[in-house]
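Structure assessment
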Amino acid sequence: MFCKIVRHISVAAALLSVWGCDITSNDVVTLKEGNTVYKGQTANGKRNGLGVLYMGDSVAYSGQWKDGLRQGQGQVTDSLGRLIEGVWDHDTIVSGTRRDSAGVYQGEFSQRLTAQGYGTYHDNNGTYYEGQWKNDERTGFGFSSQHRFFRVGEWKKDVYKGERLSYTSDRIYGIDISKYQHGKGRKRYSIDWKRLRISHLGTLSKKNIQGVVDYKVSFIFIKSTEGTSIRNPYYAADYQAARQHGCPVGTYHFFSYRSTGAEQARHFLKHSHVRKGDLPPVLDLEPYPSQVEKMGGAVGMWKRVRNWLQIVEQQTGMQPILYVSQTFVNRYLDAAPDIKHTYPVWIARYGEYKPDVKLWIWQLAPDGHVAGIHGTVDINVFNGYEREFKQWLTTVRKR
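1. Here's the deal with the overall build of the protein
- A tally of helices and strands in the protein yields eight helices and 25 strands.
- Against the 2.2 N^0.38 benchmark of 21 Å for 399 residues, the protein shows a C-alpha radius of gyration of 31 Å, more extended than a compact globule.
- Considering only C-alpha atoms, the protein reaches an extent of 95 × 45 × 40 Å along its principal axes.
- Within the protein, buried positions represent 48% of all 399 residues.
- For the protein, the share of sequence-separated contacts (at least 6 apart) that also reach a separation of at least 24 residues comes to 45%.
- When the accessible surface of the protein is totalled, it reaches about 20800 Å², and 48% of it is carbon and sulfur.

2. A few points about helix α8 (residues 386-396)
- Looking at α8, one finds that the buried residues are Phe389, Trp392, Leu393 and Val396. All buried residues of α8 fall inside an arc of 100° around its axis, so they share one side. Pointing more than 90 degrees away from the buried face of α8 are the exposed residues Arg387, Lys390, Thr394 and Thr395.

3. Quick word on the nonpolar core
- In terms of nonpolar packing, the biggest core is built from 55 residues, with Ile175, Ile198, Ile220, Trp302 and Val305 touching the most fellow members.
- The element that contributes the greatest number of residues to this core is helix α5 (residues 297-316), accounting for six residues.
- Among residues more than four places away in sequence, those in contact with Val305 are Phe255, Leu283, Leu285, Leu322 and Ile339.

4. Some points on the pairing of strand β7 (residues 92-99)
- Two strands pair when backbone bridges link them, and strand β6 (residues 83-89) and β7 are joined in this way by seven bridges, in the antiparallel orientation. By the bridge assignment, Asp89 is partnered in β7 with Thr92.
- Hairpin geometry of β6 and β7 is characterised by an intervening segment of two residues between the two adjacent antiparallel strands and by a positive phi of about 50° at His90.
- Note: β7 against strand β8 (residues 103-109), four bridges, orientation antiparallel. Opposite Arg99, over in β8, you have Val104 as the bridge partner.
- In this structure, the hairpin formed by β7 and β8 is closed by a connection of three residues.

5. Some details on the packing of aromatic side chains
- In the structure shown here, the tally under the stated rule is 22 aromatic pairs.
- Ring geometry for Tyr129 against Trp133: centres 5.3 Å apart, planes inclined by 85°, an arrangement best described as edge-to-face.
- When its relative accessible area of 8% is taken as the criterion, Trp133 is described as buried.
- On the numbers, 5.7 Å between centres and 70° between planes, the contact of Trp302 with Phe328 is edge-to-face. Here Phe328 lies in helix α6 (residues 326-332) and Trp302 lies in helix α5, a separation of 26 residues in the sequence.
- The cationic tip of Lys39 hangs over the ring face of Tyr54; the distance from NZ or CZ to the ring centre is 6.0 Å.
- Across the ring face of Tyr385, the terminal group of Arg171 is positioned such that the distance to the ring centre comes to 4.5 Å.

6. A few points about helix α2 (residues 235-244)
- Along α2, the positions that sit buried rather than exposed are Tyr235, Asp238, Tyr239, Ala241 and Ala242.
- Elements in contact with the buried residues of α2: β15 (173-177), β18 (217-226), β20 (249-254) and α3 (261-271).
- Gly246 sits one or two residues past α2 and shows a positive phi near 85°.

7. Quick word on a nonpolar patch on the surface
- Together, Phe141, Phe143, Phe150 and Val152 give the surface a local cluster of nonpolar side chains, amounting to about 390 Å² of exposed area.
- Those elements that place two or more of their residues in the nonpolar patch are β11 (137-146) and β12 (149-156).
- Here Phe143 lies in strand β11.
- Residue Phe143 is classed as partly exposed on the basis of its relative accessible area of 30%.

8. Comments concerning the pattern of salt bridges
- Across all of its chains, the model carries 14 salt bridges by this definition.
- A salt bridge links Asp136 to Arg82; the shortest N-O distance between them is 2.9 Å. With Asp136 in the loop between β10 (127-134) and β11 and Arg82 in the loop between β5 (69-77) and β6, this pair connects stretches of sequence that are 54 residues apart.
- Relative accessible area serves as the criterion here: at 14%, Arg82 is assigned to the buried category.
- Among the ionic pairs, Asp338 bridges to Arg306, the shortest N-O distance being 2.8 Å. Of this pair, Asp338 sits in helix α7 (residues 337-340) while Arg306 is found in helix α5, placing the two residues 32 residues apart along the sequence.

Cut-offs and rules
- Residues numbered from 1 in each chain as written.
- Predicted model: local features only at pLDDT ≥ 70, side-chain atom pairs only at ≥ 80, totals over all residues.
- Heavy atoms only, no water.
- Helix = DSSP H or I, 4+ residues; strand = E, 2+ residues; numbered from the N terminus.
- Rg over C-alpha atoms; globule rule 2.2 N^0.38 Å.
- Buried < 20%, exposed > 50% of the residue type's maximum accessible area, 1.4 Å probe, protein only.
- Contact = heavy atoms within 4.5 Å.
- Areas by Shrake-Rupley, 256 points an atom, 1.4 Å probe, with all protein chains shown as cover.
- Arc of directions from axis to C-beta.
- Core = buried A, V, L, I, M, F, W, Y, C linked by side-chain atoms within 4.5 Å.
- Pairing = 2+ DSSP bridges.
- Phe/Tyr/Trp six-rings, centres within 6.5 Å; stacked < 30°, edge-to-face > 60°.
- Lys NZ or Arg CZ within 6 Å of the ring centre and 35° of its normal.
- Patch = residues over 30% accessible without salt bridge, like charges linked within 9 Å, V, L, I, M, F, W, Y side chains within 5 Å.
- Salt bridge = Lys/Arg side-chain N within 4 Å of Asp/Glu carboxyl O.

In structure tokens form, the structure reads like this:
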């Protein structure tokens, strides 16, 4: 301790509860300035040593002083009645611990005694957060955990926004294509498979890009079918060319609300390839709310989706990937916990933050550009780096 225990005195009671030490009555000086009263040690007429500052009948600060300023260990109570024990330097709190009925915060504070800067928080529900704060709210980069659920990324006013990626050549990128990459109307375009390089990540959302965008295309998904009658006329040729190009390729089906999952699964399997070395088949699920209602609501929709997934998995021996939007996840995925926790997810989210779900692939832009392909292209990024991507390919590719 920084002071010698002499005998208990009431004037320093506030100090006793914090530091477990006392000052002698001979050391106690009372200084009044307006509605503030200081009782404690002094030197050269200034607060120096241990002392308590009162604002009216309330204790504004109790702890160590030097040359009239709060310096060292002390405690205060903020405007909400929360006790803060901290360390001061030249009248400014450097760091401290604040306890309330919900949990414990440890870290930096603002002059208004709100959590600001870097800090940690444990609440009574077992949630732990470590990262940046502003005005008592998690704002900035941080890490959160609750039981086995982890989040790493950026917060804004206590709301988790997601992980903001830095796009570099170290990440693993891929594309997905359909008939629209071959033109619209009467104009037709071929794909120059030897030139494939991602040259632009689109402008629809803000992105943190480091270096020049000139990325290898490491995987390709190609649309084959839709509903029970629609087929991509370029699928077979594109599929064969992608395989010859040496790129891992997968095939996807666009789900329709007009027919059952079983009917659509049969249509997909009849007109699609799933060969050795291929990526898993994908179900593209993008219904409007009105279309979900026509399927019998979320329950009816998921019944059809389960049928498609189960039939395709049984026939191909591969667990399909579910392609959905972030809005779809928020609105419907919790209604099918068996699918949510069983099937891998590929999410379309055109924002600057990575989706807050367990996923394999993130479609980050619908308006990217790829050398060798006319027009805009969907750009995707794998949730991992080279090592994880190789492990993933070893696990999921058709054997």
